[in-house]
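Listed below are the residues making up each chain.
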Amino acid sequence: MLWRALLVGLLFVSSAMAQQGDAARITATLFAETAPVLPVSVDVYDDSELNLRLRDDFEAALKSRGVTVDPSAPLVLMLDLQVRQGQMERTGPTLGRAQTNLGEAQVDVNVISNTEDSLLGGQRSQPGVRILREGLVSLSAQLRDSDQPEVLWQGDAYTAMDARGLEGLAPLLVTPLAESYGRTTDDALNLSP
């Protein structure tokens, strides 16, 4: 029983460390080689105040890289800001586990334990919440010809939600996304304050 607990604990810790390592990333794919040298216009799907500010900052970042931004250009870069909710699981007392498979059932019950909940040892665990997946803030951009359905370039910058909130994190994603414009990349981001 102890080796199972150690194995599950090791898997949980390694999974959490892997998620923290990927807490902030930039991924981008270039599908058409001529796209980065042509003038572009930048637009947003949702014209909220935050999205309009992100659009203006994105345009400025593109211009600083030498990209021609023209509202009448046939190539359109569409920005999309999204918040993906995290996933949590309520935890609490457990006496073991049950598993069913095609009509068969297997039940493991903790009969006695000094460290875990058990029939004879009583309740040892406390109710709480375990985070399975953190919420993400994602800023995406897609480059298309206004007359064609094909995507010419696509980029996505994302980070785990933290105390800075959407208003604090979203602007930090603009520059890395603009810097990835016109190329293919998959890199970690450092968004430390």
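Residues numbered from 1 in each chain as written. Predicted model: local features only at pLDDT ≥ 70, side-chain atom pairs only at ≥ 80, totals over all residues. Heavy atoms only, no water.

### Looking at the overall build of the chain
Put simply, the test is: Only DSSP runs of H or I reaching four residues or more are called helices, and only runs of E reaching two or more are called strands; each is numbered from the N terminus. When accessible area is computed with a 1.4 Å probe and restricted to protein chains, residues below 20% of their type maximum are described as buried, those above 50% as exposed, and intermediate ones as partly exposed. Here a residue-residue contact requires only that any non-hydrogen atoms of the pair lie within 4.5 Å. Each accessible area is a Shrake-Rupley estimate made with a 1.4 Å probe; only the visible protein chains count as cover when residues are assessed.
Each helix and strand in the chain was counted, giving three helices and 10 strands. Starting at the N terminus and walking to the C terminus, you meet the elements of the chain as α-β-β-α-β-β-β-β-β-β-β-α-β. Residue burial in the chain is summarised as follows: out of 193 residues, 32% are buried. Considering only intrachain contacts with a sequence separation of at least 6, the fraction spanning at least 24 residues in the chain is 70%. When the accessible surface of the chain is split by element, carbon and sulfur atoms take 54% of a total near 12,200 Å².

### Quick notes on helix H3 (residues 165–179)
Burial in H3 covers these residues: Gly165, Leu169, Ala170, Leu173, Val174, Pro176, Leu177 and Ala178. Looking at the buried positions of H3, the neighbouring elements they touch are strand E1 (24–30), helix H2 (49–64), strand E3 (75–84), strand E8 (136–145) and strand E9 (151–160).

### A few points about the sheet that holds E3
Just so we agree on the cut-off: We treat two strands as partners when DSSP finds at least two bridges between them. Axes here mean lines fitted to C-alpha atoms, for a helix over just the part in contact, with angles spanning 0 to 180 degrees between N-to-C directions.
Pairing in this open sheet of six strands is mixed, and the strands run E2-E3-E8-E9-E1-E10 from one edge to the other. Strands at the two margins of the open sheet, each flanked by one partner only, are strand E2 (40–44) and strand E10 (185–188). Neighbour-to-neighbour, the strand axes of the sheet open up by a mean angle of 15 degrees, direction not taken into account. Sheet topology places E1 next to E10; four bridges connect them, and they run antiparallel. Among the inter-strand pairings, Thr27 is bridged to a residue of E10, identified as Asp186. Each of E2, E3 and E8 touches H2; the most contacted strand, E2, lies at about 160 degrees to it. Relative to E8, H3 is tilted by about 40 degrees, and along the sheet it contacts E1, E3, E8 and E9.

### Side note on the nonpolar core
Basically, it comes down to this: Buried Ala, Val, Leu, Ile, Met, Phe, Trp, Tyr and Cys residues that are joined via side-chain atoms within 4.5 Å together make up what is termed a nonpolar core.
With 36 residues, the main nonpolar core has Phe58, Leu62, Leu77, Leu143, Trp153 and Leu177 as its most contacted residues. Of all the secondary-structure elements, those providing two or more residues to this core are E1, E2, H2, E3, E8, E9 and H3. Per element, the largest residue contribution to this core is six residues, and it comes from H3.

### What to know about the packing of aromatic side chains
Under the convention used in this document: Note on aromatic contacts: the rings of Phe and Tyr and the six-membered ring of Trp form a pair at centre separations within 6.5 Å, being stacked when their planes are under 30 degrees apart, edge-to-face when over 60 apart, and tilted otherwise.
In this structure the tally under the stated criterion is one aromatic pair. Ring geometry for Trp153 and Tyr181: centres 5.2 Å apart, planes at 75 degrees, overall edge-to-face. One end of the pair, Trp153, is in strand E9; the other, Tyr181, is in the loop between H3 and E10, with 28 residues separating them in the sequence. Taken as a pair, Trp153 and Tyr181 share a single burial class, namely buried.

### Structural notes on the side chain of Thr159
Going by this rule: Here a polar contact is taken to be a pair of N or O atoms separated by no more than 3.5 Å, where protein atoms must pair a possible hydrogen donor with a possible acceptor and residues adjacent in sequence count only if both atoms sit in side chains.
Locating Thr159 in the fold gives a position in strand E9. Looking at Thr159, the relative accessible area reads 6%, which means it is buried. A distance of 3.4 Å separates a polar atom in the side chain of Thr159 from the backbone oxygen of Ala23. In this view, Thr159 contacts Ala23, Ala24, Gly135, Leu136, Val137, Leu169, Leu173 and Leu191; residues no more than four positions away in its chain are not counted.

### Focus on the pairing of E3
Spelled out, the test is: Place the viewer so that the strands point away; then a crossover is right-handed whenever the path from the first strand over the helix to the second strand goes clockwise.
Judged from the five bridges that link them, E2 and E3 form a sheet pairing that is parallel. Its bridge partner being in E3, Ser41 is matched across the sheet by Val76. Running through H2, the crossover from E2 to the neighbouring parallel element E3 is left-handed. In this sheet, E8 lies alongside E3 in antiparallel orientation, the contact comprising 10 bridges. Of the residues in E8, the one forming a bridge with Leu81 is Leu139.

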